[in-house]
Amino acid sequence: MNALVQLVAVTKRYADAPALHPTNLSIERGKTTVLIGPSGCGKSTLLRIIIRLIAPDSGTIDFDGSQITAANIDILRHRIGYVIQEGGLFPHLTARANILLMARHLEKSDEEMRTRLSELCELTRFPENLLARYPLELSGGQRQRVSLMRALMLSPELLLLDEPLGALDPLVRASLQKDLKEIFARLRQTTLLVTHDLAEAAYFGDEIVLMNEGRVVQQGSIIDLRERPANPFVSEFINAQRSLAVL
Amino acid sequence: MKRIRKAGKEEIQPLFRRFRIVFHFCAVLPFLIFTCSLFCAQPVLIGSKKFTESYVLGEIAKRTLNEAGIPAEHRQGMGGTIILWEALRGGQIDIYLEYTGTIAQEILKTERQLSVQEIRDALTKTGVGMTEPLGFNNTYALVMRRNEAQRLGIRTIGDLRKHPELKIGLTHEFLDRRDGWRPLRQRYSLPQLNIIGIDHALGYAALANGSIDVKDAYSTDAKIAENDLVSLVDDFDFFPKYDAVFLFRTSLRDDAIAGLHGLAGTLDEARMIRLNAEAERTKNYTTAANLYFQNAVGSTVTTGESFWQKLARWTLRHLELAGFSLLLSVMTGIPLGIVASRGGATGNMILGFAGVMQTVPSLALLALLVPLPFFGISVRTAITALFLYGLLPIVRNTASGLQDIPRSLRESAIALGLAPAARLWRIYLPMASRSILSGIKTSAVINIGTATLAALIGAGGYGEPILSGLNLNDHVTILEGAIPAALLALVVQWSFDLLDRILIPKGLRL
Ligand SMILES: Nc1ncnc2c1ncn2[C@@H]1O[C@H](COP(=O)(O)OP(=O)(O)OP(=O)(O)O)[C@@H](O)[C@H]1O
Ligand SMILES: [Mg+2]
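Summary of the structure given here. Every value quoted in this text rests on a predicted model; they were computed, and no experiment measured them.

Moving on to a positive patch on the surface. Residue and element names in this part refer to chain B. A surface patch of like charges, here positive, comprises R434, R501, K506 and R509. Looking at where R434 falls in the secondary structure, it is placed in helix α19 (residues 420-450). Among the residues examined, R434 registers a relative accessible area of 43% and is labelled partly exposed.

Take a look at the structure:
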């Protein structure tokens, strides 16, 4: 079994409605898994459960063979990177301080941090001279690169990306897509990426997980989804996105 | 592993380090002054009520003790009878001047006229001693403008019955006394309905400009002659005798008690009126007190402190009051605000408590603390009241500053794996720093203003000249306190604006 993360029968309900019906999902090592589905189908909820910003109502989540619990999550979070649409950078810290925040907290050596920082700047094509800037002094694309560097700083085994490119204009988005794909390949990074853009999913996804109304509807490659839809919703979703692309 | 500090020049020290430096700075200064004032010397403490004669006699007692080589301090104008009596009983003061009539009526709560010996016996049981009378009877009197009294043919209190239209202004103390207005009105069947309560010194101004026609006064009051007033004859002998005596704690050192006894029988009414008049003329109680010694022994005159010395003393005390209370407000307000920001029943309770504290008028808060054990008439009480008063802006701003942090940023901090304490120090508090600092600034400016009230319980500061100026109806003296207080508030405001630039992270000021 080569899964880094294994969700078994995970459920979550908010006050009025279930957000996640019993859900099973495995995230393979070294691969990019893409979560896709209509707005409100539970993609972010799933990510937030893995990093335990919210606790599941039932079910288990195993990370690298051991179950994630409230007790061990603090350690496990150091092995998981998390990037959200707005970046989540702290405005009172410079780009550098944002990236180094955890490393400093864990008292890594100066030398180690300096080396890692240059590596990351090169990897994400971020100009080192901008490291002294505050988030408000950076463009949206630059901010997402910093956010990615912060997530990658401790060389996490798992990278969770919740619509990281959602707020960017198409040109910036395209160039970041290309860079991200390269980075994932170079690092052989296990990644779970949320998007609602089928083209983006097809571009990144070794494995695509299509969700609807709190359930996983189908999991497979883009070919699988297109050629062998599990039910009418899958074809409907794919066709809707296609016709959009034609526009 | 090596601790990392400077990975780049623009990485300013973590915020909490800077906070700590400022905390230390703020903490050390007022604390030193405070402890010093508590422990350095244990002088005999003399209290006085809030009127000229009491101030002057307080000064006389102080100088008498000083000349006997006994360190003594005078807490001027602390309030009315009950406040001083409780302060004496509680040991916050050692000596104050009282009148036999007041002791019988207000303290021993009896309707009978008591002899000096009876009074002394009753007081001894409570651990308080009393000197022989100083020599003058300062009884209550009702006074009117002389020309008005003549025009209306009023000579005695009984004559007031014929003129129900007269407006009467009385001090709050006289209105409430057992030998005050109510029994007086009953005894003489007075018909007047137009009664207002007014401060003693302001009452003379009201009498002069005709807003009132009759007021209460003390028979040795220099203002009677000065303002061309007449005392109405007490034809029913209603007012008891008010012989001036010093009350002291029997635990007071013997040489000090002997010094006080030496003052007995040395002041008749005429002399007391002269001293009172001198105090009002020179606006200086020490000068008036010196007159007593000049005539008695012909010793050299000490002119007391210069204005600048006084200003320095007031400023130091004012800073001590406002600074120390602010420090307490900050040290408790921020943690309370952090708890309150989490909401829930506890949070609401904290915000509710701080809110209620601020709606209590500051004067009432002082008055409520005085009777409590541990507090009494002291700097401690003033600082506590100011501290409670300054809590709300800090608690509220801390809570709202923290609550305003977007959820996505809170979650980013959690998802990074930062421990709760590190999240608070490195992320949440710095992000809320602008709001917290503005709360502290509000609290500081309020404190500077409110601290002037501390003089009411003898805690000093800029309120001291304001109070005594109010008592003397002397605007210059009032301004001697009011102007520095306003300037200080401006300076504090300005320093905080400067502090903003240091403490609020640059990234939040873009
Ligand atoms: N804190 C909350 N309280 C109540 N309901 C919530 C809460 N958070 C999310 N939901 C609901 O749970 C469902 C799943 O939300 P989720 O954020 O996971 O959707 P999503 O797939 O990420 O959507 P999008 O593509 O728009 O980001 C939605 O119906 C949403 O309204
Ligand atoms: Mg979402």
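What follows deals with a nonpolar patch on the surface. All names here are of chain B. A cluster of nonpolar residues, L479, I483, L487 and L490, forms a patch on the protein surface that exposes about 390 Å² of accessible area. Looking at the secondary structure, you find L490 in helix α21 (residues 475-503). Accessibility expressed as a relative area gives 56% for L490, which makes it exposed.

Moving on, we come to the site of ligand 1. Residue and element names in this part refer to chain A. Taken together, Y14, A19, S39, G40, C41, G42, K43, S44, T45 and E163 make up the full set of residues adjacent to ligand 1. Separating an oxygen atom of ligand 1 from a backbone N or O atom of C41 is a distance of 3.2 Å. Relative to its unbound accessible surface of 640 Å², ligand 1 loses 59% to contact with the protein. Ranked by residue count, the leading element in the shell around ligand 1 is helix α1 (residues 43-50), at three residues. Taken together, the residues that form the shell around ligand 1 break down as three nonpolar, five polar and two charged.

A few words now on the packing of aromatic side chains. Ring pairs (aromatic) are described by centroid distance and by the angle formed between their planes. Residues and elements named next belong to chain B. Summed over the entire model, instances satisfying the criterion amount to 16 aromatic pairs over all chains. Considering the side-chain rings of Y140 and F239, the 6.2 Å spacing of their centres and the 35 degrees angle between planes classify their relative orientation as tilted. Residue Y140 is found in strand β5 (residues 140-145), and its partner F239 is found in the loop between β9 (229-231) and β10 (244-249); the two are separated by 99 residues along the sequence. Comparing Y140 with F239 shows no difference in burial state: the two are buried. Between F307 and W314 the ring centres are 6.4 Å apart and the planes differ by 75 degrees, which places this aromatic pair in the edge-to-face class. Its relative accessible area of 29% is what places F307 among the partly exposed residues. The buried category is assigned to W314, whose relative accessible area is 4%. Taken together, the ring pairs connect F51, Y99, Y140, F174, Y218, F238, F239 and Y242 into an aromatic cluster. Directly above the aromatic system of F293 lies the positively charged group of R63, at a separation of 4.4 Å from the ring centroid.

Take the interface of chain A and chain B next. By a frequent convention, interface size equals the accessible area lost on bringing the separate parts together. Across the boundary between the two partners, chain A contributes 34 residues, which contact 32 residues of chain B. When chain A packs against chain B, close to 3,000 Å² is buried across both sides, 62% of that on carbon and sulfur atoms. There are one salt bridge connecting chain A and chain B. Applying the counting rule to chain A against chain B returns three residue pairs in polar contact (both at pLDDT 80 or more). Elements supplying a minimum of two residues to the side of chain A that touches chain B: α2 (73-77), α3 (95-105) and α4 (110-123) of chain A. With seven residues, the single largest contributor to the side of chain A that touches chain B is α3 of chain A. Within the side of chain A that touches chain B, the residues separate by chemical class into 17 nonpolar, six polar and eleven charged.

Residues and elements named next belong to chain B. In spatial order, the strands read β7-β6-β8-β5-β9; together these five strands make up an open sheet with mixed pairing. Unpaired on one side and paired on the other, β7 (195-197) and β9 mark the two borders of the sheet. Adjacent strand axes in the sheet meet at a mean angle of 35 degrees, parallel and antiparallel pairs treated alike. Of the strand pairs in this sheet, β5 and β9 are connected by three bridges, and their pairing is antiparallel. Bridge pairing in β9 places R145 opposite L229.

What counts and what doesn't
Residues numbered from 1 in each chain as written. Chains lettered and ligands numbered in written order. Predicted model: local features only at pLDDT ≥ 70, side-chain atom pairs only at ≥ 80, totals over all residues. Heavy atoms only, no water. Patch = residues over 30% accessible without salt bridge, like charges linked within 9 Å, V, L, I, M, F, W, Y side chains within 5 Å. Areas by Shrake-Rupley, 256 points an atom, 1.4 Å probe, with all protein chains shown as cover. Salt bridge = Lys/Arg side-chain N within 4 Å of Asp/Glu carboxyl O. Lys, Arg positive; Asp, Glu negative; His and termini not counted. Charge placed at Lys NZ, Arg CZ, Asp CG, Glu CD. Helix = DSSP H or I, 4+ residues; strand = E, 2+ residues; numbered from the N terminus. Buried < 20%, exposed > 50% of the residue type's maximum accessible area, 1.4 Å probe, protein only. Near = heavy atom within 4 Å. Polar contact = N/O pair within 3.5 Å; in protein donor to acceptor, adjacent residues only side chain to side chain. Nonpolar A, V, L, I, M, F, W, Y, C, P; charged D, E, K, R; others polar. Phe/Tyr/Trp six-rings, centres within 6.5 Å; stacked < 30°, edge-to-face > 60°. Lys NZ or Arg CZ within 6 Å of the ring centre and 35° of its normal. Contact = heavy atoms within 4.5 Å. Buried area = accessible area lost by both parts, 1.4 Å probe. Pairing = 2+ DSSP bridges. Axes fitted to C-alpha atoms, helices over the stretch in contact; angles between N-to-C directions.

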